[in-house]
Amino acid sequence: NVQMTIPTLLALDDLGIEYLGPYPSGEYWLNDNLRVSHGTIARKGNADTVKAILAQARNSEIVGHIHRHEMAQKTVHPRKGIRTYVAYSPGTVARIESNIVPAYLPRNDWQQGFAMVNYQDGNGLFQILPFSIHCGVTIHNGAEIKHRESLINKVKRIINKHNQ
């Protein structure tokens, strides 16, 4: 009896990925300053979505809703201190060919990518490390990583090394 759930269909347990859902309510706070969610805001122009997120920002956000690689920052000057907020979308790990992935338009302005995040607990700092994927290839520390299996295995090794 196979379960037809998102975690099962995507083999998330095999990848060591915790599923936080369902959309749109699933979210995860990496620390007090950075929230990760699917997101609900989408704008048509490049960087318009992250600009819209920043317009109402009270913390930094990583979202995937738009399937585009976008990043923007905003610095505010409240009574005490200075705060810089980041809005980031890493793109998608889905295939982006219009004849393969169902989409609203036949040709979408989507990019493939993912990110790794270094962060401190509590009210600490964070650093977003973006990775663009072009034609199934990305670069990590100067070395090309190709194909889905080698990319997944490399990401697993990086995560395991980071968690030690």
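Quick note: structure is the one above.
One numbering rule holds for all chains: residues counted from 1, following each sequence as written. Local features in this predicted model are restricted to residues whose pLDDT is 70 or higher, and side-chain atom pairs enter the listing and the counts only when it is 80 or higher, whereas totals over whole chains, interfaces and linings include all residues. With hydrogens and water set aside, each side-chain value is computed from the structure's full complement of heavy atoms.

### Focus on the packing of aromatic side chains
(1) Moving on: For Phe, Tyr and Trp, where Trp contributes only its six-membered ring, two rings pair if their centres lie within 6.5 Å, and the inter-plane angle classes them as stacked under 30 degrees, edge-to-face over 60, or tilted in between. For the structure shown, the criterion picks out one aromatic pair.
(2) Moving on: Where Phe114 meets Phe131, the ring centres are 4.8 Å apart and the plane angle is 5°; that geometry is what we call stacked. Placement of the pair is Phe114 in strand β6 (residues 112-119) and Phe131 in strand β7 (residues 126-133), with a sequence separation of 17 residues. Helix numbers and strand numbers start at the N terminus; a helix is a DSSP run of H or I with at least 4 residues, a strand a run of E with at least 2.

### Quick look at the pattern of salt bridges
(1) Moving on: For salt bridges, the criterion is a side-chain nitrogen of Lys or Arg within 4 Å of an Asp or Glu carboxyl oxygen. One pass over the full model with this rule turns up five salt bridges.
(2) Moving on: A salt bridge links Glu61 to Arg35, with the nearest nitrogen and oxygen atoms 2.9 Å apart. Taken together, the residues span a long stretch of sequence, with Glu61 in strand β3 (residues 60-63) and Arg35 in strand β2 (residues 34-37) at a distance of 26 residues.
(3) Moving on: By sharing partners, the salt bridges in this structure join Glu27, Arg35 and Glu61 into a single network.

### Considering the sheet that holds β3
(1) Moving on: An order of β1-β2-β3-β5-β4 is seen for the five strands of this open sheet, with the pairing classed as mixed. Here the strands that pair on one side only, and so sit at the sheet edges, are β1 (27-31) and β4 (69-76). Averaged over all neighbouring strand pairs, the angle between strand axes comes to 15°, with direction disregarded.
(2) Moving on: When DSSP finds two or more bridges between two strands, those strands count as paired. Where β2 and β3 come together, four bridges link them in parallel fashion. Across the sheet, residue Ser37 finds its bridge partner in β3, namely Val63.
(3) Moving on: Throughout, a residue-residue contact means that at least one pair of heavy atoms, one from each residue, lies within 4.5 Å. The axes are straight lines fitted to the C-alpha atoms, using for helices just the contacting stretch, and the angles between their N-to-C directions are given from 0 to 180°. Packing of helix α3 (residues 48-55) onto the sheet brings it into contact with β3, β4 and β5 (83-90), and relative to β4 it is tilted by some 30°.

### Re the pairing of β3
(1) Moving on: For every residue, the accessible area obtained with a 1.4 Å probe (protein chains only) is divided by the maximum for its type, and the residue is called buried under 20%, exposed over 50%, and partly exposed between those limits. Here β3 shows no split at all, with Ser60 and Ile62 on one side and Glu61 and Val63 on the other all buried.
(2) Moving on: Clockwise travel from the first strand over the helix to the second, with the strands pointing away from the viewer, marks a crossover as right-handed. Following the backbone out of β2, through α3 and into the adjacent parallel β3, one traces a crossover that is right-handed.
(3) Moving on: In this sheet, β5 lies alongside β3 in parallel orientation, the contact comprising two bridges. Directly across from Ile62, in β5, lies its bridge partner Tyr88.

### Some words on a nonpolar patch on the surface
(1) Moving on: A contiguous nonpolar surface patch, about 530 Å² in accessible area, is contributed by Met4, Ile6, Leu9, Leu10 and Tyr19.
(2) Moving on: Assignment of secondary structure puts Leu10 in the loop between α1 (6-9) and α2 (12-15). The patches reported here contain residues having more than 30% relative accessible area and no salt bridge. Joining distances are 9 Å for like charges and 5 Å for nonpolar side chains (Val, Leu, Ile, Met, Phe, Trp, Tyr). Reported accessibility uses the Shrake-Rupley method at a 1.4 Å probe radius. Residues are deemed covered only where the shown protein chains occlude them.

What is shown is where atoms sit, not what they do.
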